[in-house]
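For reference, the chains in residue letters:
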Amino acid sequence: MGDLAFSGLAIMTIVSAFWVVVSTNLVRSAVALLFTLFGLAGFYIFLFADFIAAAQVIIYVGGILVLIIFGVMVTNKIDDPEVGSSSRNQLFASFGAVFILSILLTVIMRTEWKIGNITQADETIRKIGSHLMNDFVLPFELVSVLLLAALIGAAYLSRKDS
Amino acid sequence: MDNLSTYLIISAILFSLGIYGVMTRRNAVAILMGIELILNSANLNFVAFNRFSGMEKLEGQVFSIFVIVLAAAEAAIALAIIINLYKNLNTVDVDEADSLKG
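It should be emphasised that the depicted structure is a prediction, and the values quoted were computed from it without experimental measurement. (Residues numbered from 1 in each chain as written. Chains lettered and ligands numbered in written order. Predicted model: local features only at pLDDT ≥ 70, side-chain atom pairs only at ≥ 80, totals over all residues. Heavy atoms only, no water.)

Novice: Help me out: how do you make sense of the packing of helix α1 (residues 2-22) of chain A against helix α2 (residues 26-46) of chain A in this one?
Specialist: The relative placement of two packed helices is expressed as an angle between their axes plus a distance between the axes. All names here are of chain A. The N-to-C vectors of α1 and α2 enclose an angle of 150°; their axes lie 8 Å apart at closest approach. By the angle between their directions, the pair α1 and α2 is classed as roughly antiparallel. By crossing handedness, the relation of α1 to α2 is classed as left-handed. Only R28, S29, A32, L33, F35, T36, F38, G39, L40, G42, F43 and F46 of α2 make contact with α1, whose side of the interface consists of G2, A5, F6, L9, A10, M12, T13, S16, A17, W19 and V20. Here the contact of α1 with α2 is built from residues that sort into 15 nonpolar, seven polar and one charged. (Axes fitted to C-alpha atoms, helices over the stretch in contact; angles between N-to-C directions. Helix = DSSP H or I, 4+ residues; strand = E, 2+ residues; numbered from the N terminus. Parallel < 35°, antiparallel > 145°, perpendicular 65-115°, else oblique. Left-handed = near helix turned anticlockwise from the far one by under 90°. Contact = heavy atoms within 4.5 Å. Nonpolar A, V, L, I, M, F, W, Y, C, P; charged D, E, K, R; others polar.)

Printed below as a string of structure tokens:
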């Protein structure tokens, strides 16, 4: 049962990711990206990362994807039925992508990965919170300053008369 | 099925699909989607390594939270730039945005 669900998730994620990069209609690309992100949230649940899965659904699906769809809607003429995006260099790019993929697969297959003794983590949220406030407090604060800067920068860039 | 190599292979496939999207697309929003795929594949690697090295510490998950936050900031800034590009040049085709070319 678990294997079946896992294979289904893997197929859904990869097929929709493929659809994201080849579809000529940008709205369809965005909808396929939705399925990819949901599939990844499913993988996080398989990996006992419940908080990351929730954050993935809330931030990516609820935030970034909506933002991308807004971007598609604003920057294309709505009366144009084919909200289109042509591609170029397909041959060269597919060669490069397959090259990178083959290198990565070789490395993954040949390496002897050290597997630790797997414990089912309970209370991940409490552990993540204590990591954020103890070991990672400097990156945490830096990231919060960066978010503030991004907020101000985005608002400034998209003003009416800049 | 549920072992480390499977997750790494899925993440490698997502990564190369994202590379392909970034290299072939001409629409700037579509390039942004390819970048999102790449960031997500890195995230999957972080969480998978964290899971299979034992879960006494959750540093991988903390890192993936940082990646998600950076992706959100990046998407907001990139879309502001793209909308400005559309206002100024009336296109989002990155091939036509070559005003800085000598």
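Novice: Whenever I open this one, the side chain of B:N40 confuses me. Can you help?
Specialist: Tracing the sequence through the fold places B:N40 in helix α2 (residues 28-52). Take B:N40: its relative accessible area is 1%, and that puts it in the buried class. Of note is the side chain of B:N40, whose polar atom sits 3.3 Å from the side chain of A:Q56. (Buried < 20%, exposed > 50% of the residue type's maximum accessible area, 1.4 Å probe, protein only. Polar contact = N/O pair within 3.5 Å; in protein donor to acceptor, adjacent residues only side chain to side chain.)

Novice: Please explain the nonpolar core as it appears in this structure.
Specialist: Nonpolar side chains tend to gather and get buried jointly when the protein is soluble and globular. Core analysis: the largest hydrophobic core is formed by 64 residues, its most contacted members being A:L33, A:F43, B:Y7, B:M33 and B:L44. Counting residues per element, this core draws most heavily on helix α3 (residues 59-89) of chain B, which supplies 11 residues. (Core = buried A, V, L, I, M, F, W, Y, C linked by side-chain atoms within 4.5 Å.)

Novice: Just to check I follow, could you spell out unusual backbone geometry for this structure?
Specialist: Glycine aside, a negative phi is what most residues show, and trans is what most peptide bonds show. A positive phi angle, close to 60°, is found at A:F48, a residue other than glycine. With respect to the helices and strands, the residue A:F48 is situated in the loop between α2 and α3 (50-75).

Novice: Where do I start with the interface of chain A and chain B in this structure?
Specialist: Quoted interface sizes are often the accessible area lost when the parts come together. Taken together, the contact pairs 81 residues of chain A with 71 residues of chain B. Each partner contributes to the roughly 6900 Å² buried at the junction of chain A and chain B, and carbon and sulfur atoms together form 75% of this total. For chain A, the biggest contributors to the area lost against chain B are A:V21, A:L47 and A:R88; these three give 10% of the whole. The interface formed by chain A and chain B holds zero salt bridges in total. Our count for the contact surface shared by chain A and chain B stands at nine residue pairs in polar contact (both at pLDDT 80 or more). Sort the elements by how many residues they give to the side of chain A that touches chain B and α3(A) lands first, with 12 residues. (Buried area = accessible area lost by both parts, 1.4 Å probe. Salt bridge = Lys/Arg side-chain N within 4 Å of Asp/Glu carboxyl O.)

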